[in-house]
Structure formats: C-alpha cells, structure tokens
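Residue-level structural notes
Listed below are the residues making up each chain.
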Amino acid sequence: MKDSHSNIIEVAVPLPLDTTFHYRVPPELRGAAAPGRRVLVPFGRRTVTGYILGFGTDEGRELRTIVDLLDEAPLFTLRELELYRWAASYYLHPLGEVIKAALPAGINIQSRRGSTGHSGGELTGGRSVRTETVYRAAAGAMERPAPRGKGAQLLAHLRQAGETTTATLRELFGDCASPLRRLRELDLVESEAREVYRDPFREEAVEPDSPLPLNAGQAAALGQIASALDAGRFAPFLLLGVTGSGKTEVYLQAIARVVAQGQTALVLVPEIALTPQLVNRFRRRFQCGIAVLHSGLSDGERYDEWRRIRRGEATIVIGARSAIFAPLERLGMIVVDEEHESSYKQGEGFRYNARDLALVRGKIAGASVILGTATPQVTTWHAAASGKLTLLELPERVNGMPLPPAELLDARGQRGETLLSPLAAAVADNLDRSGQTLLFLNRRGFATWLTCEECGHVLRCPNCAVTLTYHQRKNRHICHYCDYAIPAPSVCPGCGSGQVTLLGLGTEQVEMRMRERFPEARVERMDRDTTAGKGGHARILRRVAERKTDILIGTQMVAKGHDFPGITLVGILSVESSLNIPDYRSGERTFQLVTQLIGRAGRGENPGRVLIQTLTPEHYALTHAVAGDIEGFYATELAFRRDAGYPPFTYLAVFYLTGTSPSATEAESDRLAAHLRDLRAEQGGRIEILGPVAAPLAKLRGRFRWQILLKAPNRSALHRLLLRNQRTYAPSSGIRLHVDVDPVDL
Ligand code: ADP
Ligand code: ZN
Ligand code: ZN
C-alpha cells in the first residue's frame, strides 16, 4: 500500500547534482514537515542538510528515512521556491545550491551546531553575537586634569556625544587605542563591552523629511508607475535620467504608494558601502521598518536582518546583489538603481544576475520593477525601444544645471610629465577658483609593471597571466588577482642590470605627483588600498562633502552614485584602460563610465568641466559621450552588435575550463567543444560554437583557463543545448568546468 501524501518529501541537497530526492518522514515528525524547512538526510554514507521542496509519493521505491527536521518554521515560501527553481534552470545550477546561496550564511552556522551538538564559543541561539566596546565620559570627570592632543579631542567628543562605539571613534579620530587606554587609566573615561546590533547605517539619527513637489518629468513618470501599482500587475520600467535628474525622488514617492497599499519594496544598489546617502534618504522619508543588507555585516548580523525581514518587520529592504533573495512578502516594487552596473552579476559559484532576476521576481510577485540609470545596458535600451520595458524619461537635472562641457585630450605620443601636464594645468586653474577636482584612473597602485631596459624582463605573477603592480607605500610588487607579492628588486631579476623602469600610471603615482605639484592642496585617494577598513569610503566621502579635500583621486569607486556638489573639474586619465579590454561590451562600458563621470561634475552652483585623456579620440563611445548624444551612441552600438552577432541580437553562454596542467586543460576543452558540436548537429539550428580559445586571463591563481563561447539566435535553442550537455558531459578529474549564462565579461 502506498504511503499517504505527507509521509514522503521531495528534497534538494546543496550538491552539484541536477536532480532532487525523495525521503520518508518518520511518524513523529509527520505533522511538522513542510516545504521550506530543512532536513538532515542520509546521503550515500553521509548525512547532509537538504531543503524540503514539497511532498511526493513513494511509487514503489525503497526510500530512506530522514534523520531530523531542522528549523521551527519554513525558511522560504512557495513563491520564493518558484524564483529559486527558475534561477536553477536558467543558470543551470543545482537547485539545492541555489537555495543555499539565496539563504543567509548564518543559517548554516546554526545547522552545523545543530547537527554536531557542538556550540562554538560565540554562538548563542544560532546566531553569532558581536560584542563591542562602548566608551563614555566618566561622571565627575570635569574636575580632573585635562589631557592634551587626541585624548582631549576624544574626551570632548564623548562628553558631547555620550556613549560611542570603538568603530565610530576610530572613524572620527583614526587609530585611538592608546589615548583611550590612557583616558581609562586616568578614570576620565569608562568603557563597557556590550552585545551590539551593529549597523553602520543605523547609528546616525536622521531628520525626517517629506516628499518634494515633483517637476513635470517626475510627475509623469510617477503617474505611469502609480497606474501600474494600482493595477497590481507586473510592470517593468526603464527610468532614464542623468545623475541629479530626480530618479531617487521618484523611487521614494513610488515606494510611498507601495507602502500605503500595505505592500513591501526592495531596492537594489550596486554596492551598498558606496551609497550611504541613498540609505539616509530612505531613512528620512520612511518611518516604517527599513532593513539594510550590506557587505559590512557579519554572517550572524546578516542572519538577524534576514529574520527581521522574514518576520515582516521590514517594509523596505535596501541591499546589493544578494538582496534580490530577501524574504519580503507582499512585494509591490523592485527598484534596480544603476541597472547597468556589472556588480549585479555574481562572478563565481552560482553565477546569477540580480538585475535580471529582479524582472523574474517582479513577474512572479506581480510587482512593478524600475530599472534606473543614465546609461542603460545596450540590451536594456533595446528592450525599451521594442516596448518590452516602458521608458520613463527625466530629461533634465532638477537644479536646471546643464551638464558640464567635456573635452577629449589627445594623449598620443605622450608620457610621464607631458602626459599629466594638460590635466595639471586645469587642476591649477580649478584650485585658483577654489573648486574641487576629481581625477579618475582605473588602476590602483603606483605603476602597473616593471621592465628591464637591458634584457626586456618584465615582472609577472607566477600564478596568473598578468604583470605585478608596484605599490610604492608598501615597496612591493603585487598581483591584483591573487595577492602574490614580492619586495621591490633593486636590480633586474633577469640579468642583474640596474636599468629597470616602472611603466603604466596608477592612482598612487597620480597622488604623489599631485602632492608634488600642489603642495598646498589637500589630496586624497580613494581606491581599494585606502578604503580597506570599515567605513573607509564614508570617511573619504565625508571629507570631500565637507570640502576638506581639494583633489580626489580614485578608481571606479568614485564613478558610482555619489553626490559631489563642489566638484567642478573631472579628469579622466587613460580612458583606454577600460576601452582596450577585448570584450564586445568595451564600447558600452566606456560610454557608461565617461557619461557617469561627466554627471559627477558641476552638480552644485558652479558649472564644471570634464577632460578625458585618450589615445583614441575618434572612438564613437567617446565622441558620443562627450557630445551627450545618448541616442547616437546606442544607434551606433546596436548596429555593431547586429553586424557582429552579439546581444541583444544573440544569446550567449560561455564555458570555462580550468586546470593546473596546461595540456590537459586544452585537451579537455577540445573534447567539450567536439561534444557540443555533436549535440548541435543532433539538435539542428544555428548555434555558433566559438573556440576553444585560451581565456583573456589565460592563467589565474595557478590554473590555466580556456573558454568556449556559444552564440544562439534564440534563448530556447541555447537552453536546450546547455541542458543536454549538462546531462551528457562530465569533465575529467582535475578539470573544473562551469558555464556562465549571459556573461558580462568575455
Ligand atoms: P538622481 O537619483 O537622478 O541622481 P535625485 O532624486 O537624487 O536624482 O535628485 C537630485 C537632487 O535634487 C537631490 O538633492 C534631490 O533632493 C533634489 N530633488 C529631486 N527632485 C526634486 C524636486 N522635485 N524638487 C526639488 N528638488 C528635488
Ligand atoms: Zn634585465
Ligand atoms: Zn597572481
């Protein structure tokens, strides 16, 4: 006799397998087994954690019995499962691994504890607790002798601000461990270790504000979004407007309607650490619960925040890529700000694109989805032009300031001092007028390579196919991919000659040259090396906002959505460092980068100026960006894509094969390509199979990399081929194989 319905469950396990499994539930757990809960199940000789997907029948099979049921309540809803299933199928990733990636890692800390009965020192109730020291001025401390220097500043701050955490003090005063110790010894300051719920976006109190009266463009955009919301159906929009055109105000007012309807909203931003201003605007506007999922959270904190959302205590969630899986119910709207940013793409493991999943989730939830940007992806532009997205345009900046004029500086044949001198002259000019300057260069470090003039030897990473970047402050040559580092050699390691030259300008060198040239100016650098600590970005940005910085030098970090009203000169150095990447999207990227940087200048009362140093002044991405001709750029780019057979006219997937043996990796690539060609022959159709070729980064962290590109005229043909390959091909041992659907880098 068959078991009744709820005795058999279907389970996904987080292992690289494309099937699910059925298990029997023992009588004592029967009532409690439900989709969305986790289970411990026997798997081969192991016990693994799996996710209950639903119920099943035994169909006469011998089924194993689950070991245990975890969690008090389901971790995901059936709607969320629908999203996971969609993603697993679309990205050809095992469902169990998709679910694991979608749930916060803190849950897994709990499950390890649960399954072994062992509790790590700082685990309580399944979450890790962070304690932090808070400081306050001691009562009656006024009478004691006053300290000097940093101690005095710290004490003054504590008297005024009350209790302050170490993190905040460090942010305000830099390293202050020893003055704090001294203050404590003098009994001027008391400290206490506390369990803290740490959220850098919550510490500051904010003044509430109210909606602004909208201009005509904003009102029209909001009107269209509002009617979609009232209809309660999936509706995707492209909100097109330069920085400062009032997009965020439209998001805020649209979300206010969502909240008023008793629904929830999800706001995705490219990188949350870079957008404290945006988070604050939401906090000022809304009194309802806002959860912020950002990279500064520990696993335990992230899990806490996730549970708050799950319990329905957050109405608005703001977060980066992985927040697309935030467990919001009654979802009414998803905003994807700066939709063109490549950080929405997860580059390893489960390779999904949160921007694309936003549309899928919106469809499942019947929500509106707003993709906001000044520089949409070419594919997004095309989707709007062909009516798949509704185009909402904000044609002007709110303050009526025109975009600053931009000029191209021809850098052909120039090097060293002469390369920098036209920019330096403009900086001098801008300093005279007390303007702030932003210098953008997409390469950190001092110099990108070292070469010997005698024998031509170049310092390279032994693990990766790249040169080592010289970092002056550390006096080391460092690999930016694997962190391999060596002390700077004084002679050529190849021939012993002393004639070694550093080439390729990096941000550290630009900073040094600016300091030399303008000793009285306040120069700051913002790149991965200067923003390592928590709050590093915020500190630098605050000084720029308070006009304590005259010249800010930075990598792409500075190109993202910051508001820099005092910046009246933007200089872009070596724009080709983004153009020459051998990728069909390099034109698009360059156009986006330059247009975004133009938007950074002259947002305050003073008109700005933008100078772009280039070796290819005739490139269409640059000429259109400088002319502010967005339509012209997209027309040219789409014509190129159509001719060359790239998206939106084709659908792409790339197979990557990596291995430690160059010959075995190449041979495996040949075998896979042949297999794919056989499958194509069986299937028929016009899928192009290009390669195998060595990947542009031919070696990374000791592994050789090959790739095979698939271009298909339609998505279903591509998907069919990928699926059949997944079921019929297994790589040889030692070779790792993964497929990237809709790759953003080639
Ligand atoms: P974006 O998101 O496109 O960069 P914002 O919404 O941040 O644009 O608007 C730019 C600036 O203009 C902000 O300081 C914002 O407060 C202000 N602003 C936006 N809309 C209005 C409006 N309708 N009236 C007055 N000021 C506005
Ligand atoms: Zn040499
Ligand atoms: Zn390396």
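Residues numbered from 1 in each chain as written. Chains lettered and ligands numbered in written order. Predicted model: local features only at pLDDT ≥ 70, side-chain atom pairs only at ≥ 80, totals over all residues.

Focus: the overall build of the chain
- Of the regular secondary structure elements, the chain holds 21 helices and 33 strands.
- Relative to the compact-globule value of 27 Å for 746 residues, the chain shows a C-alpha radius of gyration of 28 Å, a close match.
- Per-residue burial for the chain yields a buried fraction of 42% across its 746 residues.
- In the chain, of all internal contacts separated by at least 6 residues, the share reaching a separation of at least 24 is 74%. (Helix = DSSP H or I, 4+ residues; strand = E, 2+ residues; numbered from the N terminus. Rg over C-alpha atoms; globule rule 2.2 N^0.38 Å. Buried ≥ 20, exposed ≤ 12 C-beta atoms within 10 Å, placed from the backbone. Contact = placed C-beta atoms within 7 Å.)

So, the UniProt feature "binding site: Zn(2+) 1" (unreviewed entry) in the chain
- Per the UniProt entry, the sites bearing "binding site: Zn(2+) 1" (unreviewed entry) are Cys 452, Cys 455, Cys 492 and Cys 495 in this numbering. Taken together, the annotated residues stretch across 44 residues yet fold into one region, lying no more than 8.6 Å apart by C-alpha.
- With respect to the helices and strands, Cys 492 occurs in the loop between strand E24 (485–487) and strand E25 (500–505).
- Among the residues examined, Cys 492 registers 21 C-beta atoms within 10 Å and is labelled buried.
- Apart from the residues within four sequence positions on either side, Cys 492 is in contact with Cys 452, Glu 454, Cys 455, His 457, Ser 497 and Val 500. (UniProt positions renumbered as here; feature names shortened; annotations may be inferred.)

Observations regarding the site of ligand 1
- Among the 14 residues in the neighbourhood of ligand 1, the closest are listed as Gly 246, Lys 247, Thr 248, Glu 249 and Val 398.
- With three residues, the top contributor of residues to the shell around ligand 1 is helix H8 (residues 247–260).
- Among the residues forming the shell around ligand 1, the class breakdown is four nonpolar, eight polar and two charged. (Near = placed C-beta within 6 Å. Nonpolar A, V, L, I, M, F, W, Y, C, P; charged D, E, K, R; others polar.)

Comments concerning helix H11 (residues 354–365)
- Its 12 residues give H11 an end-to-end C-alpha distance of 15 Å, which sits within 8% of 16 Å, the value for a rise of 1.5 Å per residue.
- Within the sequence span of H11, burial applies to Ala 354, Arg 355, Asp 356, Leu 357, Ala 358, Arg 361, Gly 362 and Ala 365.
- Buried-residue contacts for H11 involve helix H1 (78–90), strand E12 (235–241), strand E13 (264–268), strand E16 (331–337) and strand E17 (368–373).
- Where H11 terminates, the next one or two residues include Gly 366, which has phi positive at roughly 70°. (Expected span 1.5 Å × (residues − 1).)

Concerning the domain arrangement of the chain
- Looking at the assigned domains, one finds that the chain contains domain 1 (8–112), domain 2 (131–195), domain 3 (216–394), domain 4 (406–447 + 503–642) and domain 5 (651–741).
- Summarising the inter-unit geometry, the C-alpha centres of domain 1 and domain 3 are found 29 Å apart.
- Listed as interface residues are 19 residues of domain 1 and, on the opposing side, 17 residues of domain 3.
- In terms of residues, the side of domain 1 that touches domain 3 owes the most to one element, H1, which gives six residues.
- Taken together, the residues of the side of domain 1 that touches domain 3 break down into 12 nonpolar, three polar and four charged. (Domains from an automatic or database assignment.)

A closer look at helix H12 (residues 378–385)
- Among all positions of H12, only Val 378, Thr 380, Trp 381 and Ala 384 are buried. Here the buried residues of H12 occupy an arc of 160° about the axis, which is enough to place them on one side.
- With its phi angle positive at about 85°, Gly 387 sits one or two positions after the end of H12. (Arc of directions from axis to C-beta.)

Details of the sheet that holds strand E3 (residues 38–43)
- Taken together, the six strands give an open sheet; going across it, the order is E5-E2-E1-E4-E3-E6, and neighbouring strands pair in mixed fashion. Looking at strand neighbours, the two that pair on one side only are strand E5 (64–65) and strand E6 (68–69), the edges of this open sheet.
- As paired strands, strand E1 (residues 8–12) and strand E4 (residues 46–55) are joined by four bridges and run antiparallel to one another. Bridging across to E4, Ala 12 finds its partner in Tyr 51. (Pairing = 2+ DSSP bridges.)

With respect to the sheet that holds strand E18 (residues 390–394)
- The strand order across the open sheet formed by seven strands is E14-E15-E13-E16-E17-E12-E18, and the pairing between neighbours is parallel. Looking along the sheet, the strands with just one partner apiece sit at the ends: strand E14 (290–293) and E18. When strand polarity is set aside, the average angle formed by the axes of neighbouring strands in this sheet is 15°.
- In this sheet, E18 lies alongside E12 in parallel orientation, the contact comprising five bridges. By the bridge assignment, Leu 240 is partnered in E18 with Glu 393.
- This element, H8, spans E12, E13, strand E15 (316–319), E16, E17 and E18 of the sheet and lies at about 170° to E16. (Axes fitted to C-alpha atoms, helices over the stretch in contact; angles between N-to-C directions.)

Overview of the confidence of the model for the chain
- Summary statistics for the chain give a mean pLDDT of 87 and a share of 91% for residues scoring 70 or more.
- Contacts of residues 110–129 to residues separated by more than four positions or lying in other chains number 26 contacts, the stretch itself having pLDDT below 50.
- With pTM at 0.84, the complex prediction returns an ipTM value of 0.97. (pLDDT = per-residue confidence, 0-100.)

Concerning the packing of helix H20 (residues 662–683) against helix H21 (residues 715–728)
- With their axes 10 Å apart at the nearest point, H20 and H21 run at an angle of 125° to one another. Between H20 and H21, the interaxial angle falls into the category oblique. Considering how the two elements wind past one another, H20 and H21 form a crossing that is right-handed. Across from His 675, Leu 676, Leu 679, Arg 680 and Gln 683 in H20, the residues of H21 making contact are Arg 720, Leu 721, Arg 724 and Asn 725.
- Across the contact of H20 with H21, the residue classes tally to three nonpolar, three polar and three charged. (Parallel < 35°, antiparallel > 145°, perpendicular 65-115°, else oblique. Left-handed = near helix turned anticlockwise from the far one by under 90°.)

Remarks on the pairing of E1
- In terms of burial, E1 is largely enclosed, as four of its five residues are buried.
- Relative to strand E2 (residues 21–24), E1 is paired through four bridges, and the arrangement is antiparallel. Each bridged residue has a counterpart across the sheet, and for Ile 9 the counterpart in E2 is Tyr 23.

Considering the packing of helix H17 (residues 586–600) against helix H18 (residues 620–627)
- Between H17 and H18, the shortest axis-to-axis distance is 9 Å and the interhelical angle comes to 25°. The orientation of H17 with respect to H18, classified from their angle, is roughly parallel. When the axes of H17 and H18 are compared, the crossing they make is right-handed. Together, Gly 587, Thr 590, Phe 591, Val 594, Thr 595 and Ile 598 of H17 and Tyr 620, Ala 621, Leu 622, His 624 and Ala 625 of H18 make up the contact between the two elements.

A closer look at the environment of Leu 252
- Tracing the chain through its elements places Leu 252 in helix H8.
- Residue Leu 252 is classed as buried on the basis of its 22 C-beta neighbours within 10 Å.
- Once the C-alpha coordinates of Leu 252 and Thr 650 are considered, the two residues, 398 residues apart in sequence, prove to be 36 Å apart.

Description of unusual backbone geometry
- Of note, the bond from Pro 647 into Pro 648 is cis; its omega dihedral lies within 30 degrees of zero at 10°.
- Among the secondary structure elements, Pro 648 is positioned in the loop between helix H19 (630–644) and strand E30 (651–659).
- In the segment running from Gly 691 into Pro 692, the intervening peptide bond is cis, with an omega of 10°.
- Looking at the element boundaries, Pro 692 is found in strand E31 (residues 688–700).

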